[in-house]
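What the coordinates show
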Amino acid sequence: MTADKPLRADAQRNRDLLIAKAREVFDAGDFFDLRFDDFARLAGVGTGTLYRHFPTREALAEAVYHGEVAALCDRARLLQATLPAAEALAAFLRGMVDHIDAHEGLARTLATLMADRAGALAEGSRALEQAVTDLVAAAVRDGAVRDDVDAGAVMMALHGISAAHDRPCWRAEADDVITLVLDGLRRPL
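Quick caveat: nothing in here was measured; it's all calculated off a predicted structure.

1. Brief notes about the packing of helix H4 (residues 57-82) against helix H5 (residues 85-102)
- At their nearest, the axes of H4 and H5 sit 9 Å apart, and the two run at 155° to each other. In terms of axis orientation, H4 runs roughly antiparallel to H5. In the crossing of H4 with H5, the sense of the turn from one axis to the other is right-handed. Residues Glu68, Leu72, Arg75, Ala76, Leu79 and Gln80 of H4 touch H5, and the partners they reach there are Ala88, Ala91, Phe92, Gly95, Met96 and His99.
- Per-class residue counts for the contact of H4 with H5 are 7 nonpolar, 3 polar and 2 charged.

Structure follows, in structure tokens:
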């Protein structure tokens, strides 16, 4: 299968089923409890279909990861197109906390599984950082946020929030960190 040739409708549907089922298993934290062939059974497709689309567990994990990043980047673009810049940035950052909270199993599984696939993770990280860069730049242009802080600092805050997910009051603290970031970015009057 080449990236240039579009999949037949049934093949695309099967691929999407496999990715959706893998995402559910990730979210439940059960990715390592299943044999790789079990993903085919859970998705209602044959093992040949699984291996044709995803020859390894890592390839399936990478597809799930790229789908998550694409959805987050799409959300950033939608917010930027529909809200004032400062509101779009705030909504995206708060939405990231919601996403991290809802998909803790996904994040942990991907971190473990893809530790040796830094290139795949880096590509997604760059796309997500570009989305944050675009949101911050728009807010700077609108005069809503300072121009001396870049998106890298915002990304570090998001990484810290994600890494601290085991804290007992994580959700409240994560929301507080986002409030601190937004307050720190706000241009002084």
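2. Overview of the packing of aromatic side chains
- By the definition in use, this model includes 2 aromatic pairs.
- Relative to phenylalanine 39, the ring of phenylalanine 36 lies with its centre 6.2 Å away and its plane at 55°, an arrangement referred to as tilted. Neither phenylalanine 36 nor phenylalanine 39 differs from the other in exposure class; each is buried.
- With a centroid separation of 5.3 Å and 85° between ring planes, the pair formed by phenylalanine 36 and tyrosine 51 is classed as edge-to-face. In this pair, phenylalanine 36 is assigned in the loop between helix H1 (9-28) and helix H2 (38-43) and tyrosine 51 in helix H3 (residues 47-53), connecting sequence segments 15 residues apart.
- A residue is classified by how much of its surface remains accessible, and phenylalanine 36, at 11% relative accessible area, is buried.
- Relative accessible area serves as the criterion here: at 38%, tyrosine 51 is assigned to the partly exposed category.
- Site record: aromatic cluster; members linked through ring pairs are Phe36, Phe39 and Tyr51.

3. What to know about the environment of isoleucine 19
- Tracing the backbone through its elements, the reader meets isoleucine 19 in helix H1.
- Along the backbone, isoleucine 19 and tyrosine 51 are 32 residues apart, and their C-alpha atoms lie at a distance of 13 Å.
- With sequence-adjacent residues up to four places away left out, isoleucine 19 is seen in contact with Phe54, Leu60, Ala63 and Val64.

4. So, H5
- Taking 1.5 Å per residue as the helical rise, H5 with its 18 residues ought to reach 26 Å, and the 25 Å between its terminal C-alpha atoms agrees with that figure.
- Among all positions in H5, only Ala85, Ala88, Leu89, Phe92, Leu93, Gly95, Met96, Val97, His99 and Ile100 are buried.

5. Remarks on the pattern of salt bridges
- Applying the stated rule across the entire model yields 13 salt bridges.
- When the shortest N-O distance is used, the salt bridge between lysine 21 and glutamate 24 registers 2.9 Å. Taken together, the positions of lysine 21 and glutamate 24, both in helix H1 and 3 residues apart, correspond to about one turn of that helix.
- Among the ionic contacts, a cluster of salt bridges with common partners joins Arg35, Asp37, Asp38 and Arg41.

6. As for the side chain of histidine 103
- By the secondary structure assignment, histidine 103 is in the loop between H5 and helix H6 (104-113).
- According to the relative accessible area criterion, histidine 103 is buried, its value standing at 13%.
- A polar contact of 2.9 Å, which involves the side chain of histidine 103, links it to the side chain of arginine 23.
- A distance of 3.0 Å separates a polar atom in the side chain of histidine 103 from a polar atom in the side chain of aspartate 27.

The rules behind the values
Residues numbered from 1 in each chain as written. Predicted model: local features only at pLDDT ≥ 70, side-chain atom pairs only at ≥ 80, totals over all residues. Heavy atoms only, no water. Axes fitted to C-alpha atoms, helices over the stretch in contact; angles between N-to-C directions. Helix = DSSP H or I, 4+ residues; strand = E, 2+ residues; numbered from the N terminus. Parallel < 35°, antiparallel > 145°, perpendicular 65-115°, else oblique. Left-handed = near helix turned anticlockwise from the far one by under 90°. Contact = heavy atoms within 4.5 Å. Nonpolar A, V, L, I, M, F, W, Y, C, P; charged D, E, K, R; others polar. Phe/Tyr/Trp six-rings, centres within 6.5 Å; stacked < 30°, edge-to-face > 60°. Buried < 20%, exposed > 50% of the residue type's maximum accessible area, 1.4 Å probe, protein only. Expected span 1.5 Å × (residues − 1). Salt bridge = Lys/Arg side-chain N within 4 Å of Asp/Glu carboxyl O. Polar contact = N/O pair within 3.5 Å; in protein donor to acceptor, adjacent residues only side chain to side chain.

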